[in-house]
Amino acid sequence: MKITLDWLKEHLDGDVTVADVVATLNRIGHEVEGVENPAEKLAGFRVARVLTAERHPQADKLQVLSVDTGDGTPLQVVCGAPNARAGLVGVLGLPGAVVPANGMELKVSAIRGVESNGMMCSTRELELGDDHDGIIELPEDAPIGTSFADYSGAGDAVIDISITPNRQDCMGVRGIARDLAAAGLGTLKPLEVPTIAGTSAPATEIRTDDPEGCPAFYGRTISGVANGTAPEWMRRRLEAVGQRSISALVDISNYVMFDLGRPSHIYDRAQLTGALVARRARDGETVTALNGKDYTLTDTMTVIADDSGVHDIAGIMGGEHSGCSETTTDVLVEVAYFTPERIALTGQALGLTSDARSRFERGVDPAFLDDATAIVTGHILAICGGTPSATTHAGTPPAEVRHIDYDPALSATLGGIAIAPDRQKDILTALGFTVLDQAGRWQVAVPSWRRDMDGPADVVEEVTRIHGFDAIPSTPLPRTDGVARPTATPDQLLERRLRRSAAAAGFHEAVTWSFVSEREAAPFGGGTWTLANPISEELKVMRPSLLPGLLAGAQRNQHRGAGSIRLFEIGRRYLADAEHPTLAIVMAGDKSARGWQAGKAAPFDAFDAKAAALALLGAAGAPADRLQVMEPVAGGNIWHPGQSATLRLGPKAVLAEFGALHPALTRAFDVAGPVMAVQIFLDAIPAKRASGPARAAFAPPALQSVRRDFAFLAPETLAAAELVRAIRGADKASIVDARLFDRFAGQGVPDGQVSLAVEVELQPAEKSFADADLKAIADKVVAAAAKLGAVLRG
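1. Comments concerning the overall build of the chain
So, point 1. Broken down by element type, the chain carries 19 helices and 40 strands.
So, point 2. For 794 residues, the compact-globule estimate of 2.2 N^0.38 gives 28 Å, and the chain exceeds it by more than 25% at 40 Å.
So, point 3. Principal axes of the C-alpha set define a box for the chain whose edges measure 125 × 85 × 60 Å.
So, point 4. With 794 residues in all, the chain has 46% of them scored as buried.
So, point 5. Across the chain, every contact between residues at least 6 apart in sequence was considered, and the portion connecting residues at least 24 apart equals 68%.
So, point 6. Taken as a whole, the chain presents about 39,300 Å² of accessible surface, with 51% of it coming from carbon and sulfur.
So, point 7. In the chain, 76 positive and 99 negative side-chain charges are present, and the distance between their average locations comes to 11 Å.

2. Thoughts on the sheet that holds strand E5 (residues 63-68)
So, point 1. On the basis of which strands lie adjacent, the open sheet formed by five strands has the order E6-E5-E4-E7-E10 and antiparallel pairing. Each end of this open sheet is capped by a strand with a single partner; those strands are strand E6 (75-79) and strand E10 (119-120).
So, point 2. Pairing between strand E4 (residues 45-55) and E5: six bridges, direction antiparallel. When the bridges of E5 are listed, threonine 52 appears paired with serine 66.

3. Description of the sheet that holds strand E33 (residues 628-630)
So, point 1. The sheet built from seven strands is open, its strands ordered E28-E31-E32-E36-E35-E34-E33 with mixed pairing. Here the strands that pair on one side only, and so sit at the sheet edges, are strand E28 (508-509) and E33.
So, point 2. One ladder, built from seven bridges, connects strand E32 (residues 579-589) with strand E36 (residues 675-681); its direction is antiparallel. The residue bridging methionine 587 from the neighbouring strand is methionine 676, located in E36.

4. So, the pattern of salt bridges
So, point 1. Taken as a whole and assessed by the stated rule, the structure comprises 40 salt bridges.
So, point 2. Put simply, arginine 280 and aspartate 210 hold a salt bridge, and the shortest N to O gap is 3.5 Å. With a gap of 70 residues between them, arginine 280 in strand E16 (residues 276-280) and aspartate 210 in the loop between strand E13 (206-208) and strand E14 (216-223) connect regions that are remote in the sequence.
So, point 3. A salt bridge links glutamate 495 to arginine 572, with the shortest nitrogen-to-oxygen separation between them at 3.1 Å. Pair noted here: glutamate 495 is in helix H13 (residues 490-504) and arginine 572 is in strand E31 (residues 564-574), with a separation of 77 residues, a long-range link.
So, point 4. One salt-bridge network, held together by shared partners, links Arg167, Asp169, Asp179, Arg450, Asp452, Glu462 and Arg465.

5. Regarding unusual backbone geometry
So, point 1. With an omega of 0°, the peptide bond between glycine 673 and proline 674 qualifies as cis.
So, point 2. Here proline 674 shows up in the loop between helix H17 (663-668) and E36.
So, point 3. Here arginine 112, not a glycine, exhibits a phi torsion of approximately 55°, which is positive.
So, point 4. Inspection of the secondary structure puts arginine 112 in the loop between strand E8 (109-111) and strand E9 (114-116).

6. Focus: the environment of alanine 372
So, point 1. Relative to the helices and strands, alanine 372 resides in helix H9 (residues 369-384).
So, point 2. Relative accessible area serves as the criterion here: at 0%, alanine 372 is assigned to the buried category.
So, point 3. Separated by 116 residues in sequence, alanine 372 and valine 256 place their C-alpha atoms 8.1 Å apart.
So, point 4. Excluding residues within four positions of it along the chain, alanine 372 makes contact with Arg262 and Val335.

7. Here's the deal with the pairing of E6
So, point 1. Strand direction decides the pairing type here: E5 and E6, joined by five bridges, are antiparallel. Note on E6: the bridge partner recorded for valine 67 is leucine 75.
So, point 2. Linking two consecutive strands that pair antiparallel, namely E5 and E6, is a turn of six residues; a positive phi of about 90° is found at glycine 70 within it.

8. Overview of H9
So, point 1. In this model, H9 (16 residues) spans 22 Å end to end at C-alpha, consistent with the 22 Å of a helix rising 1.5 Å per residue.
So, point 2. Of all the positions in H9, only Leu369, Ala372, Thr373, Ala374, Ile375, Val376, Thr377, Ile380 and Cys384 are classed as buried.
So, point 3. Close packing links the buried residues of H9 with E14, helix H6 (248-260), strand E15 (265-268), strand E22 (330-337) and strand E23 (387-388).
So, point 4. Downstream of H9 by one or two residues, glycine 385 has phi in the positive range, about 75°.

9. Describing the environment of alanine 765
So, point 1. Following the sequence through the fold, alanine 765 ends up in the loop between strand E39 (753-762) and helix H19 (771-786).
So, point 2. Overall, the relative accessible area of 67% leaves alanine 765 in the exposed class.
So, point 3. Separated by 62 residues in sequence, alanine 765 and leucine 703 place their C-alpha atoms 7.1 Å apart.

10. Digging into the packing of helix H5 (residues 232-240) against H6
So, point 1. One can describe the packing of H5 onto H6 by two numbers: an axis separation of 10 Å at closest approach and a directional angle of 55°. Between H5 and H6, the crossing angle belongs to the class labelled oblique. Classified by chirality, the crossing of H6 by H5 is left-handed. Between H5 and H6, the residues in contact are Trp233, Met234, Arg235, Arg237 and Leu238 and Asp251, Ile252, Asn254, Tyr255 and Phe258, respectively.
So, point 2. Considered class by class, the residues forming the contact of H5 with H6 number six nonpolar, one polar and three charged.

11. A few points about the packing of aromatic side chains
So, point 1. One pass over the structure, following the stated rule, counts seven aromatic pairs.
So, point 2. Seen from their ring centres, phenylalanine 710 and phenylalanine 712 are 6.2 Å apart, and the 10° between their planes marks the pair as stacked.
So, point 3. Members of the aromatic cluster, each reached through a chain of ring pairs, are Trp7, Trp233 and Tyr255.
So, point 4. Over the aromatic face of tryptophan 449 sits the side chain of arginine 178, whose NZ or CZ is 4.2 Å from the ring centroid.
So, point 5. Geometry around phenylalanine 258 places arginine 359 over its ring, the cationic atom sitting 5.0 Å from the centre.

12. Digging into the confidence of the model for the chain
So, point 1. With 97% of its residues at a pLDDT of 70 or more, the chain has an overall mean of 90.
So, point 2. Long-range and interchain partners of residues 689-693, a stretch whose pLDDT sits below 50, account for zero contacts in this model, where long-range means more than four residues apart.

Cut-offs used in this document
- Residues numbered from 1 in each chain as written.
- Predicted model: local features only at pLDDT ≥ 70, side-chain atom pairs only at ≥ 80, totals over all residues.
- Heavy atoms only, no water.
- Helix = DSSP H or I, 4+ residues; strand = E, 2+ residues; numbered from the N terminus.
- Rg over C-alpha atoms; globule rule 2.2 N^0.38 Å.
- Buried < 20%, exposed > 50% of the residue type's maximum accessible area, 1.4 Å probe, protein only.
- Contact = heavy atoms within 4.5 Å.
- Areas by Shrake-Rupley, 256 points an atom, 1.4 Å probe, with all protein chains shown as cover.
- Lys, Arg positive; Asp, Glu negative; His and termini not counted.
- Charge placed at Lys NZ, Arg CZ, Asp CG, Glu CD.
- Pairing = 2+ DSSP bridges.
- Salt bridge = Lys/Arg side-chain N within 4 Å of Asp/Glu carboxyl O.
- Expected span 1.5 Å × (residues − 1).
- Axes fitted to C-alpha atoms, helices over the stretch in contact; angles between N-to-C directions.
- Parallel < 35°, antiparallel > 145°, perpendicular 65-115°, else oblique.
- Left-handed = near helix turned anticlockwise from the far one by under 90°.
- Nonpolar A, V, L, I, M, F, W, Y, C, P; charged D, E, K, R; others polar.
- Phe/Tyr/Trp six-rings, centres within 6.5 Å; stacked < 30°, edge-to-face > 60°.
- Lys NZ or Arg CZ within 6 Å of the ring centre and 35° of its normal.
- pLDDT = per-residue confidence, 0-100.

Here it is in structure tokens:
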């Protein structure tokens, strides 16, 4: 919300500066987002009088003016405005000034051969209005030579304040002034409410048929108004806070809204038929709002209508055809109370925002309807004239006085600072509360404009806020003696370890949205968790995999010229049964840069993905040496057939999947392939037992190990990992390791078979192996291989 210092002083007595206001607002919980001084844009523009105006010798539509700037020496200025004439008082931009509307710097220049020392300006050029038909005309008595910023009042600083949703009372200048006065900055002036007696009953019937959405609907008619231009002071204030001046009647309604936080609406009675009623909309009814757009309504919405149809989306925006125009002579002033929840739901359903909605959905003062009606009426009579009727009161606003039982000692126990009871009472009284002291226990009456007050904690907040949050002492929490106990859970420690390991391996961490579009989720089985109120269609379902976000990141990097992409993320997948912690990796582009040592740059392949998966599983504590490489999980076109697999502990315990992504998937995400990926399912990794040390003490064997090589002829369909696993299990007491070191197919090997060479490491326990022991172990190895169809080569 924006306010000006001049406007603020309408409600605040005392010597108040912009710096004081900004510092105090920040101190009492109203964040100041910025301060703008419009005078800076008008530097170099002066009030000037045209002394003479003669036709330009080289152009029929131009005039050569002699302009008095107050310095004693007239300046020659070329001007094309049709209203330029001798005696006119206007605004002159001197050389060096920058025109606000287009950023052009004025210079001494020759226009059609005649020197011009500046420019006479229109309101549009100074961004003070839309008029560009001629130059600005000021009153005859305007002080010549005065800075135009000072003369027009445009030098008044504009303060932009961020109002939190709970402070509906500060959605008007007076509410801000009340808080500042309570904090000791100036004194709040009494609000002047005119007493206006109507001469007759309203010419239009007013009623509410929807007490749930519109509990109270007040209004009066005024006849014989003249809807001209609002006074300059009102237009200046509205324009300073970003509100365009439209006409006197519209500006009055807007002014009261920004001044007192109280929206109202003024109807042209000539456009109304029959009674004006607050009621529920009917399904399918339509209305053309003041923004020129058509809206289709439902029966959950409150509208203002007459016999001919809907005129107003209640509390949000008026209708286009019943608004006031320059021909309006008879008006109806509406001041109503709308239920905040109804306004919020209607605004969300229609996607329609307005200044009125932002106030009504926070909750306006329900006890301020009569006074607001009188204030709006007073402005209309003073500016537009007319004869008012009596006020009609339809319905009853929810203005019951609420009381909160409060103990002044709570400021210390809840607020962290002991404040004297008298000081607390002064603060609450200044904010509009009424305090009844009953033997130390207070009963605090909440003012009608403070809808956010609910209990003693809210009273503590008000007292400490105005007293000063900066006065609350910083007190450390009590700490137990000795070494602090660890607070990280095993899952958190695992994620930290994996995060360090992935970064050390050269991967860059990405943090992507947990929401994806339905299109992105479809290849991964679709999203089972759909948001009821998504930010957008692109963030509609909870991700079933981390790969969509990483692929989107890879795409952005490729489009920015990245040649090698290594991304990882640790996060949650959201499946039908639960959330699943996962680590995902995406690799795309070149594995290494080209160079004279390595030659041509090579792309990543499935074996790079396998190596990364095994390394990270080992860092996670998984038995990487005992994992089985098996076929991918069935379903979907995620993985490239023949270039992907899973790592398992047994047939069903899938710890990870890795390999090349399916080309159709990479094309769908606009990522140039091939693309390698890994998904490690952290909740599938076996947890270490809590009892005993995490790792046994190192005890080197007393006897030297023995290595033996075996070469087998095996069916080419046999996976080498199955053979190695069978050999390792042939004699678990003696065989400590086995690994494949050669694979050969070709000359000397029968068709359909392959030669697999395996190195087996044997570790004696109590005594060295004898020849008979080694032969017995070798026989077990050959027998285990034979069960898989592998025979020892001759």
